[in-house]
Amino acid sequence: QVSLVESGGGLVQAGGSLRLSCAASGLTFSNYAMGWFRQAPGKEREFVAAITKSGGSTGYADSVKGRYAISSDNGKNTVYLQMNSLKPEDTAVYYCAADRATYYSPNYYARQEFDYDYWGQGTQVTVSS
C-alpha cells in the first residue's frame, strides 16, 4: 500500500522559511518522479515544483522560481521542498505527489495533476503579513 506523508508545514511570517518533507512508502521510490502542488482557499490546486526520479532535474512554477527548492533523498524515500522568502500568497495546503516513471526518461517530470498516481493528505502552510 502506497503512502505519502507530508510534514513541516506551519505558520510563518512573511520573509521567513519552511522546509516541507514527504516520506514515501510502499513504492520503489527510485522509479517515481515527485512533485509538490498547492491549493489556496477558493482556488484550484496548482503545480509548485517537481523532480525527476534520478533527482538530476527539477522544474518550478514561475511564482516560486528562485525562492523554492525541491530535492530528494532516494536512500530515505523522501522528497523535500525548501521554501524561502515566503509571501502571504504562498498560503495554501501543500501536497506531495508521486508519478510512476519506471519506463520514462531519467529527465522526465510532469506539471499536470493527472500525470500523478499517488497523493499525500497535505500540510498547511500559512504565511502572515
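To be clear, the structure that these remarks concern was listed above.
Parameters at a glance
- Residues numbered from 1 in each chain as written.
- Predicted model: local features only at pLDDT ≥ 70, side-chain atom pairs only at ≥ 80, totals over all residues.
- Heavy atoms only, no water.
- Helix = DSSP H or I, 4+ residues; strand = E, 2+ residues; numbered from the N terminus.
- Buried < 20%, exposed > 50% of the residue type's maximum accessible area, 1.4 Å probe, protein only.
- Polar contact = N/O pair within 3.5 Å; in protein donor to acceptor, adjacent residues only side chain to side chain.
- Contact = heavy atoms within 4.5 Å.
- Pairing = 2+ DSSP bridges.
- Axes fitted to C-alpha atoms, helices over the stretch in contact; angles between N-to-C directions.
- Core = buried A, V, L, I, M, F, W, Y, C linked by side-chain atoms within 4.5 Å.
- Phe/Tyr/Trp six-rings, centres within 6.5 Å; stacked < 30°, edge-to-face > 60°.

## Brief notes about the side chain of Thr52
By the element assignment, Thr52 lies in the loop between β5 (46-51) and β6 (58-60). Thr52 gets classed as buried once you look at its relative accessible area, which sits at 1%. Among the polar contacts listed, one links the side chain of Thr52 to the backbone nitrogen of Gly56, at a separation of 3.2 Å. Once residues within four sequence positions are removed from consideration, Thr52 is found in contact with Ala33, Ser57, Pro106, Asn107, Tyr108 and Tyr109.

## Quick look at the sheet that holds strand β8 (residues 78-83)
The pairing of strands in a sheet comes from backbone hydrogen bonds and takes either a parallel or an antiparallel form. Reading across from one edge, β1-β3-β8-β7 is the order of the four strands in this open sheet, with antiparallel pairing throughout. The two strands at the open ends of the sheet, each matched to only one other strand, are β1 (3-7) and β7 (68-73). Sheet twist, expressed as the average angle between the axes of neighbouring strands with direction ignored, equals 15°. As paired strands, strand β3 (residues 18-25) and β8 are joined by six bridges and run antiparallel to one another. Counterpart to Ala23 in the pairing with β8 is Thr78.

## Some words on the nonpolar core
Of all hydrophobic cores here, the largest spans 39 residues; its most connected members are Met34, Trp36, Tyr68, Val79, Leu81, Met83 and Tyr94. Elements with a minimum of two residues in this core: β3, β4 (32-39), β5, β7, β8, β9 (92-100) and β11 (123-128). Look past the residues within four positions of Met83 in its chain and what remains in contact with it is Gly16, Ser17, Leu18, Leu20, Arg67, Tyr68, Tyr94 and Val125.

## Some remarks on unusual backbone geometry
Unusually for a residue other than glycine, Asn77 sits at a positive phi of about 50°. Assignment of secondary structure puts Asn77 in the loop between β7 and β8. We note that Ser85 has phi near 50°; this positive angle belongs to a residue other than glycine. Considering the arrangement of structural elements, one finds Ser85 in the loop between β8 and β9.

## Some words on the packing of aromatic side chains
Think of a pair of aromatic rings as described by two things: how far the centres are apart, and how the planes are tilted against each other in angle. Across all of its chains, the model carries six aromatic pairs by this definition. Geometrically, the ring pair formed by Phe37 and Phe47 is edge-to-face, given 5.7 Å between the ring centres and 75° between the ring planes. With Phe37 in strand β4 and Phe47 in strand β5, this pair connects stretches of sequence that are 10 residues apart. Its relative accessible area of 11% is what places Phe47 among the buried residues. With 5.2 Å between their ring centres and 80° between their planes, Phe37 and Tyr116 make a pair best called edge-to-face. Separated by 79 residues along the polypeptide, Phe37 in strand β4 and Tyr116 in the loop between β9 and β10 (118-119) bring together distant segments of the chain. Like Tyr116, Phe37 is buried.

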